[in-house]
Amino acid sequence: MDIREALPTFLATQTAVTNLVGGKIFPVIRPQGVTGKSLVFRVVKGEDGAALDGDTHERVYTLELVAWAPRYSEAIEIGGVLKALFHGTGSYAMGELQIDESWKTGEYDGDRVTDTYADCGEYPITYVFEFHWIDA
């Protein structure tokens, strides 16, 4: 299973996430015309373990999760939920993936894809997380 499939499915099962964004979880960019709180995810780096004798099956993927909200404080609240789920955690299932460890490696105001421009005057904050697992 690809983390691009596993992550949104996992997030959709987390009550703390759905209480804030409902089902508004999107890959890569927020669709035009979407308003209110939402979450966008994208893979920004993916390393598949390699050695001279073949694939080690170790996976290290870095993802940006962008919290969008009408108020800055609401975007920060979404980020708090993401940190509780993914920063300094491990040994959890994300679909068919068994995540060994994950942590927050960065965050910044704005969304580099939209160049911080938000239609409807909404606020994006980007949270960067790294996920490690063995792909059996």
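Here, the structure is the one placed above.
Residues numbered from 1 in each chain as written. Predicted model: local features only at pLDDT ≥ 70, side-chain atom pairs only at ≥ 80, totals over all residues. Heavy atoms only, no water.

*Asks:* What is the right way to look at the packing of aromatic side chains in this model?
*Replies:* The geometry of two aromatic rings is summed up by the distance between their centres and the angle between their planes. Counted according to the given criterion, the structure contains seven aromatic pairs. Judged by centre distance (5.1 Å) and plane angle (80 degrees), the rings of Phe86 and Phe131 are edge-to-face. Here Phe86, found in helix α3 (residues 72-86), pairs with Phe131, found in strand β6 (residues 123-134); they are 45 residues apart in sequence, far enough to count as distant. For Phe86, a relative accessible area of 0% gives the class buried. The ring centre of Trp68 lies 4.0 Å from the NZ or CZ of Arg30, which sits over that ring. (Phe/Tyr/Trp six-rings, centres within 6.5 Å; stacked < 30°, edge-to-face > 60°. Helix = DSSP H or I, 4+ residues; strand = E, 2+ residues; numbered from the N terminus. Buried < 20%, exposed > 50% of the residue type's maximum accessible area, 1.4 Å probe, protein only. Lys NZ or Arg CZ within 6 Å of the ring centre and 35° of its normal.)

*Asks:* When you look at the side chain of Ser102 in this model, what are you seeing that I'm missing?
*Replies:* Within the secondary structure layout, Ser102 lies in strand β5 (residues 97-109). Engagement of the side chain of Ser102 in a polar contact is seen with the backbone oxygen of Phe86, the distance being 2.8 Å. Beyond its immediate chain neighbours, meaning those up to four positions away, Ser102 contacts Phe86, His87, Gly88, Thr89, Tyr92, Glu130 and Phe131. (Polar contact = N/O pair within 3.5 Å; in protein donor to acceptor, adjacent residues only side chain to side chain. Contact = heavy atoms within 4.5 Å.)

*Asks:* Help me understand the sheet that holds β6 in this model?
*Replies:* Working definition: the strands of a sheet are paired by backbone hydrogen bonds and lie parallel or antiparallel to each other. On the basis of which strands lie adjacent, the open sheet formed by six strands has the order β1-β2-β3-β6-β5-β4 and mixed pairing. Two strands close off the open sheet at either side, each with one partner strand: β1 (25-27) and β4 (92-94). Within the sheet, the average angular offset between the axes of one strand and its neighbour, ignoring direction, is 40 degrees. Looking at chain direction, strand β2 (residues 38-51) and strand β3 (residues 54-69) are connected through twelve bridges and run antiparallel. When the bridges of β3 are listed, Arg42 appears paired with Glu64. Across the sheet, α3 lies against β2, β3, β4, β5 and β6, angled at about 10 degrees from β6, the strand it touches most. (Pairing = 2+ DSSP bridges. Axes fitted to C-alpha atoms, helices over the stretch in contact; angles between N-to-C directions.)

Scope: geometric values only; no functional claims are made or implied.
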